[in-house]
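Read off the chains here:
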Amino acid sequence: MSLSFQKYQGLGNDFLLIDNRHQEELLLTPEQAQHWCDRHFGVGADGVIFLLAGTGESDYRMRMYNADGSVAEMCGNGIRCLAKFIFALEGRSAGEIVRYRIDTLAGLIVPEVQADGQVTVDMGKPQLLAQQIPTTLAAADQKVIDVPLMVGDRPWLVTCVSMGNPHCVTFVENVAAVDLATLGPQFEHHPVFPQRTNTEFVQVLGSDRLRMRVWERGAGMTLACGTGACATLVAAVLTNRLSPVGNQAQATVELPGGDLHIRWDLPSQHLYMTGPALAVFSGTLP
Ligand SMILES: N[C@H](CCC[C@H](N)C(=O)O)C(=O)O
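The rules we used
Residues numbered from 1 in each chain as written. Predicted model: local features only at pLDDT ≥ 70, side-chain atom pairs only at ≥ 80, totals over all residues. Heavy atoms only, no water. Helix = DSSP H or I, 4+ residues; strand = E, 2+ residues; numbered from the N terminus. Rg over C-alpha atoms; globule rule 2.2 N^0.38 Å. Buried < 20%, exposed > 50% of the residue type's maximum accessible area, 1.4 Å probe, protein only. Contact = heavy atoms within 4.5 Å. Areas by Shrake-Rupley, 256 points an atom, 1.4 Å probe, with all protein chains shown as cover. Polar contact = N/O pair within 3.5 Å; in protein donor to acceptor, adjacent residues only side chain to side chain. Near = heavy atom within 4 Å. 1 Å grid on protein atoms, 1.4 Å probe; cavity = no way out; pocket = protein on both sides within 12 Å on 5 of 7 lines; lining within 4 Å. Sits in = over half its atoms within 2 Å of the grid points. Nonpolar A, V, L, I, M, F, W, Y, C, P; charged D, E, K, R; others polar. Domains from an automatic or database assignment. Points joined across faces, edges and corners; volume = space filled by probe spheres on them. Pairing = 2+ DSSP bridges. UniProt positions renumbered as here; feature names shortened; annotations may be inferred. Arc of directions from axis to C-beta.

Draft legend 1. Local environment of the overall build of the chain. Summing up its helical and strand segments, the chain has four helices and 18 strands in all. Relative to the compact-globule value of 19 Å for 286 residues, the chain shows a C-alpha radius of gyration of 18 Å, a close match. By the burial criterion, 54% of the 286 residues in the chain qualify as buried. Long-range pairs, those at least 24 residues apart, make up 59% of the contacts in the chain with a sequence separation of at least 6. Counting every atom, the chain has about 11700 Å² of accessible surface; 51% of that belongs to carbon and sulfur.

If you want it as structure tokens, here you go:
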């Protein structure tokens, strides 16, 4: 059975998008997703994102497999790509502003396609308790803020944030000097993270500018991570490395694939992410 797909990317974090609105069962198994994400034997992508029909409270549903076939609860760059995929499927015109209520395994997430084609996403609230990450780095009802974690030959001060998916954020003097290929897997598979973790290495560049590199759970070194950028802003505020202005905290997060703008509305606790999402090509899986 041949299967059509669209390849999209958000700051170089790239995905196969599958129109799964007419079936309840996902059209690819985790093993097939892993195969097609391979950059030599398959199409090449950081993950596969499925568009499913909505429920009573949502317009659509999103489900996702990482490149290793594992299930991810949420994907920031991916949901921007999904919003543009839907925008095209609905035959919308450039310049239209359209908001979608998307059911995800992290709850209801609301992307809005802007007139300039960028997408702003209400990413919901961060979860900070150890049991919500999940991690055993602290007691279940405690937060994990600048806690030492031995990885490799040294302790790292880590701050853990869930955006529906787990993030371990650590601040360094120079992100370019971090041996991501060696350290990334050691963080990802550390026993204190029972569901593994995404790991963000962050350098503070200024009062509203952060530079970040990421090792993603189930995908490895990617060019950008939207949920990770949100977790990074939260961690910067919680560790007093970035100060809110009034009741808003915001930053430009510089990633290898480009910049994301992140805003944390403190009264509602909701985070808002704005960035691009572009179609690359369409194809058919044999
Ligand atoms: N690898 C992540 C899912 C993709 C997140 C990232 N690509 C984003 O843009 O948020 C996880 O297993 O939690």
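Draft legend 2. Broad picture of the side chain of Thr197. Locating Thr197 in the fold gives a position in the loop between helix 3 (180-188) and strand 12 (198-206). Of the polar contacts made by the side chain of Thr197, one reaches the backbone nitrogen of Cys168; its length is 3.4 Å. Beyond its immediate sequence surroundings of up to four residues, Thr197 is in contact with Pro166, His167, Cys168, Phe187, Glu188 and Arg217.

Draft legend 3. View of the site of the ligand. In the neighbourhood of the ligand, 15 residues make up the surrounding shell, with Asn13, Gly76, Glu216, Arg217 and Thr227 lying closest. Asn165 is positioned such that a nitrogen or oxygen atom in its side chain is 2.9 Å from an oxygen atom of the ligand. Within the side chain of Glu216, a nitrogen or oxygen atom sits 2.8 Å from a nitrogen atom of the ligand. For the ligand, whose free accessible area comes to 360 Å², the fraction covered by protein is 100%. Spatially, the ligand is embedded in the largest cavity. Elements that contribute at least two residues to the shell around the ligand include exactly strand 4 (60-66), helix 2 (76-89) and helix 4 (226-238). Of the residues in the shell around the ligand, the class split is five nonpolar, eight polar and two charged. Counting the residues that make up the shell around the ligand, at least three belong to each of domain 1 (3-122 + 277-285) and domain 2 (130-269).

Draft legend 4. Here's a closer look at empty space enclosed by the protein. If you walk through the whole model with that rule in mind, you get one cavity of 30 Å³ or more. Considered as a void within the structure, the largest cavity measures approximately 90 Å³ in volume. Lining the largest cavity are 15 residues, with Met74, Asn165, Asn198, Glu216 and Thr227 positioned closest to its centre. Mapped by element, the contributors of at least two residues to the lining of the largest cavity are strand 4, helix 2 and helix 4. Counting contributing residues per domain, the lining of the largest cavity is built from domain 1 (3-122 + 277-285) and domain 2 (130-269), each supplying no fewer than three.

Draft legend 5. Seen up close, the pairing of strand 17 (residues 271-275). Here strand 17 shows a clear split, with Leu271, Met273 and Gly275 buried on one side and none of Tyr272 and Thr274 buried on the other. Bridge analysis of strand 8 (residues 119-124) against strand 17 gives five bridges, and the strand direction is antiparallel. Its bridge partner being in strand 17, Asp122 is matched across the sheet by Tyr272. Between strand 16 (residues 258-265) and strand 17, which pair antiparallel in sequence order, lie five residues; one of them, Gln269, sits at a positive phi of approximately 70°.

Draft legend 6. Region of the structure containing the UniProt feature "active site" (unreviewed entry) in the chain. Summarizing the sequence annotation, UniProt attributes the feature "active site" (unreviewed entry) to Cys75 and Cys225 in the numbering used throughout. A stretch of 151 residues holds the annotated residues, and the largest C-alpha distance among them is 7.7 Å, short enough that they meet in one place. Annotated residues from the preceding list that form part of the lining of the largest cavity: these are Cys75 and Cys225. With respect to the helices and strands, Cys75 occurs in the loop between strand 4 and helix 2. When near neighbours in sequence (up to four residues on either side) are disregarded, Cys75 contacts Phe15, Met62, Met64 and Thr227.

Draft legend 7. Quick peek at helix 1 (residues 30-37). Ala33, Trp36 and Cys37 are the residues of helix 1 that are buried. Buried residues of helix 1, viewed axially, fall in a sector of 100°; they line one side.

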